[in-house]
Structures are given as C-alpha cells and as structure tokens.
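Architecture at a glance
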Amino acid sequence: SAALLFVVDTTGPVITFCPTNRTMGVGANCQLVLPDFTGELSATDACSQVVVTQSPEAGALLGVGAHVITFTVHDGVSNTSTCNLTLGVIDNSAPVIVVGATNVTLSAGTNCLAVVPDLTGMITASDCSPFTVTQSPVAGSEVGLGTNDLTFTVTDTNGLSNASAAWLFVVD
C-alpha cells in the first residue's frame, strides 16, 4: 500500500528590511501624494515568490500629521507577514499673505503722538497649519509725526513666517 505525503507551507515570509520612518512635506494643496515604498522592502520565502502590498496605497492623499503605512508580504499559499513605517507629513512652507494691511493716516494728539491701532485684522493669509498674525510696533504703542513703518508677520505653528509692511502716517 502506498502512503501519500502532503507538504504544506505554513510559514510566513520573512521580512529582512522594512522601510524606515521618515518625514515628508505637503504640496501646494496641503496634502502629500503617498509614494510607493514597496520597492524598499526586502523579504524572502522558503517555498514561493512573494508579493508586497502597501496600505494606504501609493497615490493616496495624506494630510498633515502622522500616518502609519502598513506593508504586507504574501507568499504563494496566502501566508503573510507585516511591518509598518510611520510617515510624518509636515507643512514645510511659510504662510502666504494674500492681502496685506493698507496704509493708514491718523491725526496726532496734543502730545504730537498717535496711538497705533491693531491692524492685524486687515491681513488675510493662507497656510496648511494654524498661524498667528503680529504687528510691530504693537497696537497701543505711540508713534510720532511723519511716516512710520508697520510690519506684519504671519507665523505658523512650525515657526515658518512671512512678512508684509504698511505705513502709518501721523499728521498734525
């Protein structure tokens, strides 16, 4: 009588190198087009060829933040092994000032000075991250007769900034 011997592959592929964690910057639309990292992964299997997949798939749009990219290695009989990389997606562009402050003319008080108003609300800016608008000299400061420079700085939470200027004319 003959005996049948079945050989069954129950061992998953071995991942010898998983793509490493990294940081990448967003594009103009505040999103990153996810690249295909599967070519960086190395894996072997004792019995068959392997297929590597990535999730999310290459081409997916990712916003600012941390994203876990999962790689799954499949062998010919559906055994799998996985590894992950953490992709930090950052805003690496300074804010864009869309509309700057307009020049302002004020009358001097009896002390020949004028109080600088808060003109930060005139600034319209866009950025992929939250931002603040500051002005120099600050609102409430006093400036003298003539032409006074005002500087407006838009700074995002990554410390990136852009500036614009206006004049404050103080007349008698």
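Up top you'll find the structure we're talking about.
Residues numbered from 1 in each chain as written. Predicted model: local features only at pLDDT ≥ 70, side-chain atom pairs only at ≥ 80, totals over all residues. Heavy atoms only, no water.

1. Some thoughts on unusual backbone geometry
What counts here: Numbering of helices and strands runs from the N terminus; a helix is a DSSP stretch of H or I covering at least four residues, while a strand is a stretch of E covering at least two. A 1.4 Å probe rolled over the protein chains alone gives each residue an accessible area, and that area as a share of the maximum for its type sets the label: buried under 20%, exposed over 50%, partly exposed in between.
A cis amide bond, omega 0°, links Ser 55 with the succeeding residue Pro 56. Position of Pro 56 among the secondary structure elements: in the loop between β5 (51-55) and β6 (61-62). A cis amide bond links Ser 136 with the next residue in sequence, Pro 137, at an omega value of 0°. Among the secondary structure elements, Pro 137 is positioned in the loop between β13 (131-136) and β14 (142-144). One non-glycine residue, Cys 30, lies in positive phi territory at about 65°. One can find Cys 30 in the loop between β2 (22-25) and β3 (32-33). We classify Cys 30 as partly exposed; its relative accessible area is 26%. Of note, the phi angle at Cys 112 is positive, near 65°, even though the residue is not glycine. Checked against the element boundaries, Cys 112 lands in the loop between β10 (104-107) and β11 (113-115).

2. Side note on the state of the cysteines
For the record, the criterion: The criterion for a disulfide is a pair of cysteine sulfur atoms lying within 2.5 Å.
What the rule picks out here adds up to two disulfides. Residue Cys 18 pairs covalently with Cys 83 via a disulfide, S to S 2.1 Å. With the S-S bond torsion at 90°, the cross-link from Cys 18 to Cys 83 turns out right-handed. Pair noted here: Cys 18 is in the loop between β1 (14-17) and β2 and Cys 83 is in strand β8 (residues 80-90), with a separation of 65 residues, a long-range link. For Cys 83, a relative accessible area of 13% translates into the label buried. The residue that forms a disulfide with Cys 30 is Cys 128, at a sulfur-sulfur distance of 2.0 Å. With the S-S dihedral at roughly -85°, the linkage between Cys 30 and Cys 128 falls on the left-handed side.

3. Quick word on the sheet that holds β5
Think of a sheet as strands paired side by side through backbone hydrogen bonds, with each pair either parallel or antiparallel. Threshold: Two strands pair under a simple rule: DSSP has to find at least two bridges between them. Structural elements are reduced to axes, namely lines fitted to C-alpha atoms, with helices fitted over the stretch in contact, and the angle between N-to-C directions of any two is expressed from 0 to 180 degrees.
Across the sheet, which stays open at both edges, the four strands sit in the order β2-β8-β7-β5 with mixed pairing between neighbours. Lying at the two open borders of the sheet, with one neighbouring strand each, are β2 and β5. Ignoring which end each strand starts from, the neighbouring axes of this sheet average 30° apart. Examined bridge by bridge, β2 and β8 share four bridges and lie parallel to one another. Looking at β8, one finds that Thr 23 is bridged to Gly 88.

Shape descriptors only; they carry no functional weight alone.
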